[in-house]
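# Coordinate inspection notes
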Amino acid sequence: MHDYQLVDGDTTVYRDGSIKLHTAAGFEGMRKAGRLAAEILDACVELVKPGVTTGSIDDAIRGMMLDAGAVPATLGYRGYAHSSCISINHVICHGIPGDKVLKDGDILNIDVTPLVDGWHGDTSRMFYAGEPPLKARKLVEVTYECLMLGIQAAKPGARLGDIGAAIEAHANQFRYGVVREFCGHGLGKLFHDAPEVVHAARPGTGPELKPGMFFTIEPMINLGKPWAKVLGDGWTAVTRDKSLSAQFEHSIAITETGNEIFTKSPTGRDCPPYV
């Protein structure tokens, strides 16, 4: 059995293992946070190019959040000192922005979470610096398809495992590895909350999906084996076999009739190539 807790927009919530079910106030809060997150990633399309540093992109992201009256949820989170995560090529997730210069052909994930009026808008997309090789573009396209198939499986009455099963089945068709060490998560007033959303699972397993649940789906798909390791900085996760990795992330809600994506691009720039 899994505990569910009904909360509204004015309630202080705690990470207590329960799955939160939100009311209309929560939906409104997440729409605002999610839209800003999506708009920031839209703006990153113009920033990503060969020759720029990941640190300069992170600086721009921080400025956009502050200008909008938001704060970066990652800044100071467990000692993290940046406003985004930027993960290049074989970095799976939690890449630290800095002096690294983007090269022609790099693929990279940019992950942002603005905190808007107490609500977390968590999303990430892949970007191309210049022209990546065909195998890299194919990996990115399939990873986005995995995300959308996972979202398609997220509806009331389904089980959490149905999401991971849909993602894993699609990735397996291309013999890609689905990362197990990291997963999606509940969110709202809390950055990370129950439930954990794994991206490789058996259908029909896990908690029942109910209207009002908020969580991220964020599959990490490797060109090679699924295995990951974390570097000595305590954050950067890379593929053990140094194969390329890709990731997309949306924050969604379960509704009475299906789901709502809070972090969809308002300009249609959800997956590269971006026009």
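Here, every reference points to the structure presented above.
Residues numbered from 1 in each chain as written. Predicted model: local features only at pLDDT ≥ 70, side-chain atom pairs only at ≥ 80, totals over all residues. Heavy atoms only, no water.

## Quick word on the side chain of Ser83
- In this structure, Ser83 sits in the loop between β3 (71-72) and β4 (85-88).
- Taking relative accessible area as the criterion, Ser83 reaches 1% and is therefore assigned buried.
- There is a polar contact of 3.4 Å between the side chain of Ser83 and the side chain of Arg62. (Helix = DSSP H or I, 4+ residues; strand = E, 2+ residues; numbered from the N terminus. Buried < 20%, exposed > 50% of the residue type's maximum accessible area, 1.4 Å probe, protein only. Polar contact = N/O pair within 3.5 Å; in protein donor to acceptor, adjacent residues only side chain to side chain.)

## Here's the deal with the sheet that holds strand β6 (residues 106-112)
- Spatially, the three strands line up as an open sheet ordered β4-β6-β9, and their pairing is antiparallel. Because the sheet does not close on itself, it has two edges, and the strands there are β4 and β9 (123-129). The average undirected angle you get between the axes of adjacent strands in this sheet is 20°.
- Where β4 and β6 come together, four bridges link them in antiparallel fashion. In the strand pairing of β6, Ser87 is matched with Asn109.
- Across the sheet, helix α1 (residues 24-47) is in contact with β6 and β9; its angle to β9 comes to roughly 5°. (Pairing = 2+ DSSP bridges. Axes fitted to C-alpha atoms, helices over the stretch in contact; angles between N-to-C directions. Contact = heavy atoms within 4.5 Å.)

## Section: the packing of α1 against helix α2 (residues 54-67)
- With their axes 11 Å apart at the nearest point, α1 and α2 run at an angle of 145° to one another. Read as a crossing pair, α1 and α2 show a hand that is right-handed. Facing α1, whose interface residues are Ile40, Ala43, Cys44 and Leu47, α2 presents Ile57, Ala60, Ile61, Met64 and Met65. (Left-handed = near helix turned anticlockwise from the far one by under 90°.)

## Overview of the packing of helix α3 (residues 134-152) against helix α4 (residues 160-173)
- Taken N-terminus to C-terminus, the directions of α3 and α4 make an angle of 155°; their axes are 8 Å apart at the nearest point. With respect to α4, the axis of α3 lies roughly antiparallel. Crossing geometry of α3 relative to α4 is assigned as right-handed. Between α3 and α4, the contacting residues are Val142, Glu145, Cys146, Leu149 and Gly150 on the first element and Ile163, Ala166, Ile167, His170 and Ala171 on the second. (Parallel < 35°, antiparallel > 145°, perpendicular 65-115°, else oblique.)

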